[in-house]
Amino acid sequence: MKNQNDMNIIEAMKERRSVRTFDGKGLDSEQEAKLEKAIGESGSPFGGNVSIFLRKFNLREGYKPSTYGMIKGAEDFFLLGIGSDEASALSAGYRFEQVVLKAWQLGLGTCWIAATFKGSDFDKGVEWPDGEELKVICPVGKAEKQSMKEKLTRLTLGSKNRKPFNDLFFYRDFQTAVPEDNRFREALEMLRLAPSSTNSQPWRALVDGHTVHFYYKPKSAASVLDTGIGICHFHETEKFYGHEGHFDKVSSAPVAPDDWKYLVSYQRSK
Ligand SMILES: Cc1cc2nc3c(=O)[nH]c(=O)nc-3n(C[C@H](O)[C@H](O)[C@H](O)COP(=O)(O)O)c2cc1C
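Since we're looking at a predicted model, the values are computed, not measured.

Thoughts on the pattern of salt bridges
Inference 1: Tallied over the full model, the rule gives 14 salt bridges.
Inference 2: One salt bridge in this structure joins R192 and E189, with 3.1 Å as the shortest N-O distance. With R192 and E189 both in helix α6 (residues 185-192), this residue pair falls three residues apart, about one helical turn.
Inference 3: Through salt bridges with shared partners, one network takes in E32, K56, E75 and D76.

Right, here's the structure in full:
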């Protein structure tokens, strides 16, 4: 991975991948300061309760999460305290993905890990605000050549692949494909590239005029959080091209196929 301070957010979304093998050197104070700044600048329009901390650990043997994958050579981890409601999960995905993309722009790799960390030492001494608990950790650092284990994890998950655009996004009804020249085409394409737990890609969307309705297909406990990550990519693309808009839960959102759940709608105003 190159250190590319001038890399724009679109390039970062296109090039980012999860990194599980790190160089073992840890972050220097300048990198730490830049990541702390990125945490401070991250935000979400969805409310809820989310706290993000950056902490150093000494995990000599690497770390095997209670879900999947193997993290090697990382000393620095983000810790996310997240409330138990939908708004908190959506905000956690939307907000922390901004930090993940910033890290990539700084030449640093990350890997979202969502699991139960009960009984782990990860948040020893951390005071989470009421209602929040540690639900995500994320190593950060310089990427090292992928280990065989990491290659195998990526292969098993099909991490390089994403579902076809026309299986995820629809136009006016839930059968019609989004036209090639539609105003939201690129923002949805960037959403499609987002990372998700087990690469499950639960996000779905329906475009209607200046509005995009977002849904998710429940796949795991992390599906709302995953969709927040995807919506972050969508909104970053909108902003990159100078568009303005806002998110609302609308009562008139079209009723989707049985197993999709409605989350929120985006209305472009400019
Ligand atoms: C919410 C979330 C949780 C994840 N949990 C894990 C995990 O426990 N272990 C792991 O090795 N990777 C984890 N990942 C990484 C995904 O497997 C990865 O994003 C996906 O396979 C797509 O690959 P990419 O990020 O390289 O594009 C997680 C990703 C997300 C977004």
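There is more to say after this.
Some details on the environment of I137
Inference 1: Within the secondary structure, I137 sits in strand β5 (residues 133-141).
Inference 2: We classify I137 as buried; its relative accessible area is 0%.
Inference 3: C-alpha separation for the pair I137 and G81, spaced 56 residues apart in sequence, amounts to 9.2 Å.
Inference 4: Excluding anything up to four places from it in sequence, I137 contacts Y63, F77, F78, L79, C111, W112, I113, F117 and F122.

A word on the nonpolar core
Note that soluble globular proteins tend to have their nonpolar side chains buried in a common cluster.
Inference 1: Residues L35, F78, F96, F169, L188, F214 and F234 are the most contacted members of the largest nonpolar core, which totals 51 residues.
Inference 2: Take this core: its biggest share by element is eight residues, from helix α3 (residues 86-105).
Inference 3: Two domains each put at least three residues into this core: domain 1 (9-152) and domain 2 (165-268).
Inference 4: The contact partners of F169, leaving out residues within four places of it in the chain, are V178, L188, L191, R192, W203, R204 and A205.

A short note on the domain arrangement of the protein
Inference 1: Here the protein is described as being made up of domain 1 (9-152) and domain 2 (165-268).
Inference 2: Between the C-alpha centres of domain 1 and domain 2 there is a distance of 24 Å.
Inference 3: Listed per partner, the contact involves 20 residues of domain 1 and 25 residues of domain 2.
Inference 4: Buried surface at the junction of domain 1 and domain 2, both sides included, amounts to about 1900 Å², of which 76% is carbon and sulfur.
Inference 5: Scanning the region where domain 1 abuts domain 2 turns up one salt bridge.
Inference 6: A salt bridge links E86 to K249; the nearest nitrogen and oxygen atoms lie 3.3 Å apart.
Inference 7: Contributing elements (two or more residues each) for the side of domain 1 that touches domain 2: α1 (9-15) and α3.
Inference 8: For the side of domain 1 that touches domain 2, the element with the highest residue contribution is α3, accounting for nine residues.
Inference 9: Its residues placed into classes, the side of domain 1 that touches domain 2 shows 14 nonpolar, two polar and four charged.

Remarks on the packing of helix α2 (residues 29-41) against α3
Inference 1: Running from amino to carboxyl end, α2 crosses α3 at an angle of 150°, the nearest separation of the two axes being 9 Å. Comparing the axis directions of α2 and α3 gives the class roughly antiparallel. Handedness of the crossing formed by α2 with α3: right-handed. The segment α2 lies against α3, with L35, A38, I39 and E41 engaging R95, Q98, V99, K102 and A103.
Inference 2: Taken together, the residues that form the contact of α2 with α3 break down as five nonpolar, one polar and three charged.

Some details on the sheet that holds strand β8 (residues 211-216)
Inference 1: Strand order across the open sheet formed by five strands is β6-β7-β8-β10-β9, with mixed pairing between neighbours. One side of each edge strand has no neighbouring strand; the edge strands of this open sheet are β6 (169-171) and β9 (245-248). For this sheet the average axis-to-axis angle between neighbouring strands, irrespective of direction, equals 20°.
Inference 2: Direction of pairing for β6 relative to strand β7 (residues 203-208): parallel, over a ladder of three bridges. Each residue of the ladder has a partner; that of Y171, found in β7, is V207.

Cut-off values and rules
Residues numbered from 1 in each chain as written. Predicted model: local features only at pLDDT ≥ 70, side-chain atom pairs only at ≥ 80, totals over all residues. Heavy atoms only, no water. Salt bridge = Lys/Arg side-chain N within 4 Å of Asp/Glu carboxyl O. Helix = DSSP H or I, 4+ residues; strand = E, 2+ residues; numbered from the N terminus. Buried < 20%, exposed > 50% of the residue type's maximum accessible area, 1.4 Å probe, protein only. Contact = heavy atoms within 4.5 Å. Core = buried A, V, L, I, M, F, W, Y, C linked by side-chain atoms within 4.5 Å. Domains from an automatic or database assignment. Buried area = accessible area lost by both parts, 1.4 Å probe. Nonpolar A, V, L, I, M, F, W, Y, C, P; charged D, E, K, R; others polar. Axes fitted to C-alpha atoms, helices over the stretch in contact; angles between N-to-C directions. Parallel < 35°, antiparallel > 145°, perpendicular 65-115°, else oblique. Left-handed = near helix turned anticlockwise from the far one by under 90°. Pairing = 2+ DSSP bridges.

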